[in-house]
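Residues per chain, in single letters:
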Amino acid sequence: MVGLWDIMTLMSGCSVLAGALAAARVEGGGVARTGMAVVLGLVMGFLSIVAVRMACERLLRTLPPDDGSQKTPPGLLLTFLALAVWTLGLGPFLSMLVARGLIRFAFS
């Protein structure tokens with residue numbers, strides 16, 4: 001079964017790729033810039049997915065064992081919030097900055 005964490009993990013990789021592609025478009029588009037952005041986006045997306053999976057494993061080790069209560073641990077809620085902020089805001093923004101800088105460096 002696919003959980004919310006798995007879906008958000010994939011979204012974090014895709015949003016980083018989208019940020020890199022946006023950088024190529026801002027820098028003028030073209031096949032070479034777009035190709036470079038795709039490669040950079042795939043690498044940064046893979047690194048983002050790996051980082052999110054490592055954070056998930058670390059989080060699962062710190063959670064208390066399930067005692068049958070319906071109360072959600074506050075650490076879990078904060079982690080989902082942090083993942084949402086990374087996926088929808090920081091990840092694409094940082095990947096756009098990195099890709100834009102590398103594209104400018106390569107094509108100047």
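For clarity, every value in this text was computed on a predicted model and none was experimentally measured. (Residues numbered from 1 in each chain as written. Predicted model: local features only at pLDDT ≥ 70, side-chain atom pairs only at ≥ 80, totals over all residues. Heavy atoms only, no water.)

(A) A look at the overall build of the protein. Scanning the protein from N- to C-terminus turns up three helices and zero strands. What you see in the protein, going N to C, is helices and strands ordered as α-α-α. Computed over the C-alpha atoms, the radius of gyration of the protein is 17 Å, more than 25% above the 13 Å expected from 2.2 N^0.38 for a compact globule of 108 residues. Seen through its principal axes, the protein has C-alpha atoms that stretch 60 × 20 × 20 Å. For the protein, the residues scored as buried account for 27% of the 108 residues in total. Within the protein, residue pairs in contact and separated by at least 24 positions form 79% of the contacts whose partners lie at least 6 positions apart. With an accessible surface of roughly 7200 Å², the protein has 73% of that area assigned to carbon and sulfur atoms. One finds the centroid of the 8 positive side-chain charges in the protein at a distance of 15 Å from the centroid of its 5 negative side-chain charges. (Helix = DSSP H or I, 4+ residues; strand = E, 2+ residues; numbered from the N terminus. Rg over C-alpha atoms; globule rule 2.2 N^0.38 Å. Buried < 20%, exposed > 50% of the residue type's maximum accessible area, 1.4 Å probe, protein only. Contact = heavy atoms within 4.5 Å. Areas by Shrake-Rupley, 256 points an atom, 1.4 Å probe, with all protein chains shown as cover. Lys, Arg positive; Asp, Glu negative; His and termini not counted. Charge placed at Lys NZ, Arg CZ, Asp CG, Glu CD.)

(B) How the structure looks around helix α3 (residues 74-106). An ideal rise of 1.5 Å per residue puts 48 Å on 33 residues; α3 measures up with 45 Å between its terminal C-alpha atoms. Most pronounced at Trp86, the bend in α3 amounts to some 50 degrees. As for α3, its buried residues are in contact with α1 (4-26) and α2 (31-62). (Expected span 1.5 Å × (residues − 1). Bend = angle between axes of the 7 residues up to and from the residue.)

(C) Just the packing of α1 against α3, in detail. Here α1 crosses α3 at 25 degrees, and the two axes come no closer than 7 Å. Our classification of the angle between α1 and α3 gives roughly parallel. For α1 against α3, the interelement crossing comes out right-handed. In the contact of α1 with α3, the residues fall into 19 nonpolar, seven polar and one charged. (Axes fitted to C-alpha atoms, helices over the stretch in contact; angles between N-to-C directions. Parallel < 35°, antiparallel > 145°, perpendicular 65-115°, else oblique. Left-handed = near helix turned anticlockwise from the far one by under 90°. Nonpolar A, V, L, I, M, F, W, Y, C, P; charged D, E, K, R; others polar.)

(D) Highlighting the side chain of Ser12. Structurally, Ser12 is set in helix α1. Not counting the four nearest positions on each side in its chain, Ser12 is found in contact with Ser48, Ile49, Val52, Trp86 and Thr87.

(E) Quick look at the side chain of Ser48. Along the chain, Ser48 turns up in helix α2. For Ser48, the residues in contact, after removing those within four places along its chain, are Ser12, Gly13, Val16 and Trp86.

(F) Expanded view of the pattern of salt bridges. Enumeration according to the criterion identifies three salt bridges in this entry. For Asp6, the salt bridge is made with Arg53, and the minimal N-O distance between the two is 2.9 Å. One end of the pair, Asp6, is in helix α1; the other, Arg53, is in helix α2, with 47 residues separating them in the sequence. Here Arg53 falls in the partly exposed class, since its relative accessible area comes to 34%. Its salt-bridge partner being Glu27, residue Arg100 comes within 2.7 Å of it at the nearest N-O pair. One end of the pair, Arg100, is in helix α3; the other, Glu27, is in the loop between α1 and α2, and 73 residues separate them in sequence. Looking at Glu27, the relative accessible area reads 19%, which means it is buried. A cluster of three or more residues bridged by salt bridges with shared partners is formed by Glu27, Arg100 and Arg104. (Salt bridge = Lys/Arg side-chain N within 4 Å of Asp/Glu carboxyl O.)

(G) Seen up close, a nonpolar patch on the surface. Residues Leu78, Leu81, Val85, Leu90, Phe93, Leu94 and Leu97 make up a contiguous nonpolar surface patch of roughly 670 Å² in combined accessible area. Tracing the backbone through its elements, the reader meets Leu94 in helix α3. We classify Leu94 as partly exposed; its relative accessible area is 41%. (Patch = residues over 30% accessible without salt bridge, like charges linked within 9 Å, V, L, I, M, F, W, Y side chains within 5 Å.)

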